[in-house]
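Each chain, written out:
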Amino acid sequence: MTTPYTTAPDIALVLAAGLGTRMHSATVKVLHEVAGKPLIAWAVDAAIDAGARRVVAVLGHQRERVDEFLASRYGGKATVEVAVQAEPRGTGDAVRAALPAMTGEPDEAVVAILYGDAPLVTEGLLASLCAACQRSPAGMAVTATEPPHPVAYGRLVRDSRGRLARIVEHVDATDDERAIAEVNAGIYAIRLGRLREDLRHLSADNAQGEIYLTDLAARAAARGGAEVVRAPWEEVMGINDRVDLAAVARCARRRINEAWMIAGVTMEAPEATYIDADCGPLGADVWLGPGVCLRGQTRIGDGARIDAGCVLTDVVVEAGATIKPSSVLSEATIGTAAQVGPFSHCRPGTVIDERARIGNFVETKKSHIMAGAKANHLAYLGDASVGAGANIGAGTITCNYDGVKKHRTVIESGAFIGSDSQLIAPVTVGRDAYVGSGTTVTRDVPRSSLALSRAKQVNIDGWADRFRDAQNRRQSRQSDPDGK
């Protein structure tokens, strides 16, 4: 009976020690983002999804920042171990730096090697590599691809029988070798025992004076040759500069959008819809208008509608809610069948309950708008509690900041706040109370009371006619000072 090959790597090495000088950035390359997720997280997630028992990230430049990110993202669910490459001496040296972390692991263990700046690698490719590694008499498999345009990648040189003989780096290749279409994608699987032995024999005798990991291919050829697994360019393309970053981001976002559409999300303009990698779930029959941006860990319930130009960051939208055009929401929760917008701004700490309505040019912050309450236009609700069924008139402001501290406003259920009112916190408007338009509320309003603070209106008969006559006489004198 033939034992089936396992498809999960025992150990995944993520090489992320490079300087990334062509990014021209103060931020290390592997912390640049594609679809809202740092590049190194894409590689680590692929390894975890592929079933890797251990993940070791090899860090160098700005290693403290990268290590801090890895700990914050993975510390609670899947520990990512860290090895350090003290100096950038090539990919072979980076893998050597990870060997101490694998002390005690058996020689038969399968090690997958991938890069922290190649974010589109899938668990399926890693599974294929691991199976090929186990089939290979050399205990090694490499990934090959054919880019659609010339790239400075290493070329796969095959022998007369078509087996992989060696990989030659672009800077060391002859013109004939550079004409080879099949290039090295830089993603490998290798038995740990073979890796330990082969790394001992690598040298820096090449044009760049570095220890090349690609030299493992020639070592494997002496044992019968490494297996070659082919992958589409889009899946394995790496990032050297911001042009590459944008190209990879386009591919990633297309992949994300297609997956959500297959799952039942409608996008009116998929090419102009931007969904971050960590968003979701997005429910069945969600509708997204053109220009919608879903960022962070935004989640959307069944049948919700997010209209054109909305930007949602770390927002929960419950089933059947509607976010109207050009609204911006951050760290907010929108209840079932609630409505927000158009042109609304819900800042962090906003909770809008079922069937509540926040309308055009309304801003909320750390406020709870309870079931059925309404603030349909031109209001600011900061550090406020708005009870069920309450109505907030246009121009209403909760004055929550005294210059030193923030204070809370409580508007109880059924209260009616007239237009152009200012509520000076801390203050409470009781249940079913009324606040007359134009009122400045400085004291609590008891239940079912009417609060008024505006000045008494005075009408002066005939004033407007006298005023206009005086203005006309003044203009006449200015145009004809001599009275002619």
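Throughout what follows, the structure given in this document is the object of discussion.

1. Quick word on the layout of surface pockets
Empty space within the largest pocket amounts to approximately 1400 Å³. Around the largest pocket sit 44 residues that line it, and Arg-22, Thr-91, Tyr-115, Asp-117 and Asn-240 are the ones nearest its centre. Secondary structure elements with two or more residues in the lining of the largest pocket: β1 (11-16), α3 (91-98), β10 (183-191) and α8 (233-236). Looking at the lining of the largest pocket, the element that brings in the most residues is β10, giving four residues. Around the second largest pocket, the lining comprises 23 residues; the ones closest to its centre are Lys-37, Trp-42, Asp-45, Asp-49 and Ala-277. Within the residue set of the lining of the second largest pocket, elements represented by two or more residues are α1 (39-49), α2 (63-74) and α9 (242-262). Across the lining of the second largest pocket, the residue classes break down as 13 nonpolar, one polar and nine charged.

2. Thoughts on a nonpolar patch on the surface
A cluster of nonpolar side chains, Phe-416, Tyr-434, Leu-450 and Leu-452, forms an exposed patch at the surface whose accessible area comes to about 410 Å². Position of Phe-416 among the secondary structure elements: in strand β33 (residues 416-417). The partly exposed category is assigned to Phe-416, whose relative accessible area is 32%.

3. A few points about the pairing of β10
Burial within β10 is extensive, with eight of its nine residues counted as buried. Where strand β6 (residues 110-115) and β10 come together, four bridges link them in antiparallel fashion. Residue pairing across strands places Ala-112 opposite Ala-189, the latter belonging to β10. With five bridges connecting them, strand β7 (residues 140-145) and β10 associate as antiparallel partners. Considered in β10, the bridge of Thr-145 is made with Val-183.

4. Describing the pattern of salt bridges
This structure, assessed with the given rule, holds 25 salt bridges. In this structure, Asp-45 engages Arg-73 in a salt bridge whose closest nitrogen and oxygen atoms are separated by 3.1 Å. With Asp-45 in helix α1 and Arg-73 in helix α2, the pair connects residues that are 28 residues apart, well separated along the chain. The exposure class of Asp-45 is buried, given its relative accessible area of 15%. Arg-468 serves as the salt-bridge partner of Asp-465, at 2.8 Å between the closest nitrogen and oxygen. Here Arg-468 and Asp-465 lie together in helix α10 (residues 463-479), a separation of three residues that amounts to about one turn. Judged by its relative accessible area of 47%, Arg-468 falls in the partly exposed class.

The rules behind each value
Residues numbered from 1 in each chain as written. Predicted model: local features only at pLDDT ≥ 70, side-chain atom pairs only at ≥ 80, totals over all residues. Heavy atoms only, no water. 1 Å grid on protein atoms, 1.4 Å probe; cavity = no way out; pocket = protein on both sides within 12 Å on 5 of 7 lines; lining within 4 Å. Points joined across faces, edges and corners; volume = space filled by probe spheres on them. Helix = DSSP H or I, 4+ residues; strand = E, 2+ residues; numbered from the N terminus. Nonpolar A, V, L, I, M, F, W, Y, C, P; charged D, E, K, R; others polar. Patch = residues over 30% accessible without salt bridge, like charges linked within 9 Å, V, L, I, M, F, W, Y side chains within 5 Å. Areas by Shrake-Rupley, 256 points an atom, 1.4 Å probe, with all protein chains shown as cover. Salt bridge = Lys/Arg side-chain N within 4 Å of Asp/Glu carboxyl O. Buried < 20%, exposed > 50% of the residue type's maximum accessible area, 1.4 Å probe, protein only. Pairing = 2+ DSSP bridges.

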